[in-house]
Amino acid sequence: MANATEVVSAIRELTNTKQLDRGELIDLLKDGLHAALIKRYGPNVRAEIAVDEMKGTIRIVVLKTVVENVEDPGTQITLEEARFEDAEFQIGDVLEEEVPFAEFGRTAVQAAKQRIIQRVREGERTRIREEFADKVGELLMGEVQQIERGKIVVMLQKFREAEAIIPYREQNHREHFHQGDTIRAVLKRIEETPKGPRLILSRGDPLFVKALFKIEVPEIQQAIVEIRATAREAGSRTKIAVASRDDAIDPVGACVGLKGSRVQAVVNELGGERIDIVPWSPDPERFAKLSLAPARVARVFSDADTRTIQAIVDEDQLSLAIGRNGQNVRLASELTGWKIDLYSSREWLERGGEGPLFAPLPPEEEKAVKVSLTELKGLPAELVTVLSNNGKKTLQDILDLEREEVVAMGGMTPDLADRLMAFLNELVDEGGEPAPEVAPEAAPEATGEPAPEATGEPALEATAEPAPEAVSEPEAPPPPPPPAADTE
């Protein structure tokens, strides 16, 4: 059994490893020893416990009242027994009975240990909450301790007791980590679990990009430059909108840095993910025009009631504005918070040019997207029934469905899901998806002739006013004049 000196040494070690205050740990030890005394003498025991760290000793004294008839042996002692210690004891006096630390039984010591462990854990949980409550959105660094069922368990460098994980949905799936790797992630939220608070970290959330820019850009740390909006598809592309509180400081140029040094540091941490940096604007039309960079937008019109933007681009800019798989216009829409409908200049003229900007769509197109599922060829009756039971009764209702949404429908089987997705893919491949209300991914079909991928050179005008060189992270060498234009 450990002696008092060993226990005091253990206190010093706990003080360092658990980052506890020494006085707090001494109180924990006293509380644990008191619990051990209760095990031995009963719940009413009175005791004085003194810990001398300098000498490495623990003095435990149990106080017993001198009485004629003992009713509680843990707190009382007979006059006859008391006078064995001192012949001058009288009824009502208090006898101090010193208890050697080594006399504690195994059960009593175990009770003290459990009480100390419990209090230490409670203290750790409280300190974790206090430490991280105001750090949501900040970067944390640690070491990959374990990878299990898709989630990454991280041991933080400055707070190893905290449970921190990166769930599968919060990861950048183009990155691969191994046990022992150093990793940085942003604190997204704190979850309460039966075992205490758990830190949820993320490398796939836009907060991660904001936190990286905060470290790399002093103007953001000083609150001179502010990131007003972000839109991200982790591992592929990010758009951020920045504004400056000082007219003398260009927010885009501050984020890009000299020769792109600042944005390049962020790109390296993101594994080569492309970043578009655009000026924020309170004017939704101008903001939408800037957000569609690197494409050059000819004109934009807005409808505040429906929060819809109609953007017109030249034929050679359409594919650049749409982006690969509709990514550019989708992120621009997320960045602005408005729905963006793209039109080529030729299509706009065909629709009436300067006529009503939000006129009803041609009847035949409207009929095409609102046709009943029962009238479509290629969909089995069983599949139509399942879709109808889930509220999907027209072609328009199923055009934008993702496979995850289809599989989650009630009554849907894998075979029926495969047939539905094959039907939709065939419809899009054959140009069967109607032009009106085009989703970003389907916008190329609206022109009738998809334009080839354009270079990033024309993006400068739409992206970085007034700092053309600070548009986005250069993925590949662009055409001569602009040094840092984003390319698709």
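Residues numbered from 1 in each chain as written. Predicted model: local features only at pLDDT ≥ 70, side-chain atom pairs only at ≥ 80, totals over all residues. Heavy atoms only, no water.

K.L.:
Explain the overall build of the protein chain here, please?
P.N.:
Secondary structure summary: the protein chain contains 18 helices and 15 strands in total. In the protein chain, which comprises 488 residues, the proportion classed as buried is 44%. Restricting to contacts in the protein chain with at least 6 residues of sequence separation, those with at least 24 account for 61%. Carbon and sulfur atoms provide 49% of the accessible area of the protein chain, an area that totals close to 25400 Å². (Helix = DSSP H or I, 4+ residues; strand = E, 2+ residues; numbered from the N terminus. Buried < 20%, exposed > 50% of the residue type's maximum accessible area, 1.4 Å probe, protein only. Contact = heavy atoms within 4.5 Å. Areas by Shrake-Rupley, 256 points an atom, 1.4 Å probe, with all protein chains shown as cover.)

K.L.:
What exactly am I supposed to notice about the pairing of strand β6 (residues 151-156) here?
P.N.:
Looking down a regular strand, the side chains alternate between one sheet face and the other. Of the strand pairs in this sheet, strand β5 (residues 139-148) and β6 are connected by six bridges, and their pairing is antiparallel. Across the sheet, the residue bridging to G142 is L156, located in β6. Counting the residues between successive antiparallel strands, the hairpin from β5 to β6 contains two residues, one of them, R149, with a positive phi of roughly 50°. Bridge count between β6 and strand β7 (residues 163-166): three bridges; the pairing is antiparallel. Looking at the pairing, V154 lines up with A164 of β7. (Pairing = 2+ DSSP bridges.)

K.L.:
Hey, could you run me through helix α8 (residues 261-269) in this one?
P.N.:
Because each turn of an α-helix spans 3.6 residues, side chains separated by three or four positions in sequence point in the same direction. Taken as a whole, α8 has its buried residues at V263, V266 and V267. Around the axis of α8, the buried residues are gathered within 100° of arc, so they sit on the same side. In this structure, the buried side of α8 is in contact with α5 (206-216), α7 (251-256) and β12 (274-279). (Arc of directions from axis to C-beta.)

K.L.:
Could you clarify how one ought to interpret unusual backbone geometry in this entry?
P.N.:
Note on backbone geometry: most residues besides glycine have negative phi, and most peptide bonds are trans. A cis amide bond links A293 with the next residue in sequence, P294, at an omega value of 10°. Along the chain, P294 turns up in the loop between α9 (284-291) and β13 (297-303). Residue A223 is not a glycine yet carries a positive backbone phi of 65°. By the element assignment, A223 lies in the loop between α6 (218-221) and β10 (225-233). A positive phi angle, near 50°, is found at R307, a position not held by glycine. Residue class for R307 comes out partly exposed when judged on its relative accessible area of 41%.

K.L.:
Explain the packing of α5 against α8 to me, please; I cannot follow it from the model alone.
P.N.:
What describes two packed helices is the angle between their axes and the distance between those same axes. Relative orientation of the contacting elements α5 and α8 amounts to 140°, with a least axis distance of 10 Å. Considered as vectors, α5 and α8 are oriented oblique to each other. The hand of the α5/α8 crossing is right-handed. Side by side, α5 and α8 meet where F208, L212, F213 and E216 of the first sit next to R262, V263, A265, V266 and E269 of the second. Classifying every residue of the contact of α5 with α8 gives six nonpolar, no polar and three charged. (Axes fitted to C-alpha atoms, helices over the stretch in contact; angles between N-to-C directions. Parallel < 35°, antiparallel > 145°, perpendicular 65-115°, else oblique. Left-handed = near helix turned anticlockwise from the far one by under 90°. Nonpolar A, V, L, I, M, F, W, Y, C, P; charged D, E, K, R; others polar.)

K.L.:
I would appreciate a short explanation of the packing of α9 against helix α11 (residues 327-336) in the present structure.
P.N.:
Interaxial distance between α9 and α11 falls to 9 Å at its minimum, and their mutual angle equals 145°. Seen along the crossing, α9 lies across α11 with a hand that is right-handed. Where α9 approaches α11, its residues F287, A288 and S291 are matched on the opposing element by A332, L335 and T336. A per-class count over the contact of α9 with α11 returns four nonpolar, two polar and no charged.

K.L.:
Would you mind going over the nonpolar core with me for this structure?
P.N.:
Generally speaking, nonpolar side chains in soluble globular proteins are found buried as a group. F213, V242, I275 and I277 are the most contacted members of the largest nonpolar core, which has 23 residues in total. Those elements that provide at least two residues to this core are α5, β10, β11 (237-244), α7, α8 and β12. With 21 residues, the next largest nonpolar core counts L376, L383, L395 and I398 among its residues. (Core = buried A, V, L, I, M, F, W, Y, C linked by side-chain atoms within 4.5 Å.)

K.L.:
Which parts of the structure should I look at to understand the environment of T336?
P.N.:
Mapping T336 onto the fold places it in helix α11. Classification of T336 by relative accessible area gives buried; the value is 13%. Distance in space between the C-alpha atoms of T336 and I309 is 9.9 Å, their sequence separation being 27 residues. Here T336 is in contact with F287, A288, S291 and R307, once residues within four sequence places are set aside. In terms of polar contacts, T336 uses its side chain to reach the backbone amide nitrogen of W338, at 3.2 Å. (Polar contact = N/O pair within 3.5 Å; in protein donor to acceptor, adjacent residues only side chain to side chain.)

K.L.:
Looking at this structure, I do not really get a negative patch on the surface. What am I missing?
P.N.:
Together, D400, E402, E404 and E405 make up a region of like negative charge exposed at the surface. Mapped onto the fold, E405 is located in helix α16 (residues 403-407). (Patch = residues over 30% accessible without salt bridge, like charges linked within 9 Å, V, L, I, M, F, W, Y side chains within 5 Å. Salt bridge = Lys/Arg side-chain N within 4 Å of Asp/Glu carboxyl O. Lys, Arg positive; Asp, Glu negative; His and termini not counted. Charge placed at Lys NZ, Arg CZ, Asp CG, Glu CD.)

K.L.:
Sorry if this is basic, but what is going on with the sheet that holds β12 here?
P.N.:
For sheets, the rule is that strands pair by backbone hydrogen bonds, running either parallel or antiparallel. One open sheet holds the three strands; their spatial order is β10-β11-β12, and the pairing between them is mixed. A single partner strand is all that each edge strand has here, and the edge strands are β10 and β12. Strand after strand, the sheet turns through a mean of 20° between neighbouring axes, direction not considered. Summarising the sheet, β10 and β11 pair through eight bridges and their orientation is antiparallel. From the neighbouring strand, I227 faces β11, where its bridge partner is V242. Across the sheet, α9 lies against β11 and β12, angled at about 155° from β12, the strand it touches most.

K.L.:
Hey, could you run me through the pattern of salt bridges in this one?
P.N.:
Throughout the structure, instances matching the rule amount to 20 salt bridges. With its nearest N and O atoms 3.2 Å apart, the salt bridge here joins E97 to K64. Taken together, the residues E97 in strand β4 (residues 94-98) and K64 in strand β2 (residues 57-67) connect sequence positions 33 residues apart. A relative accessible area of 27% places E97 in the partly exposed class.

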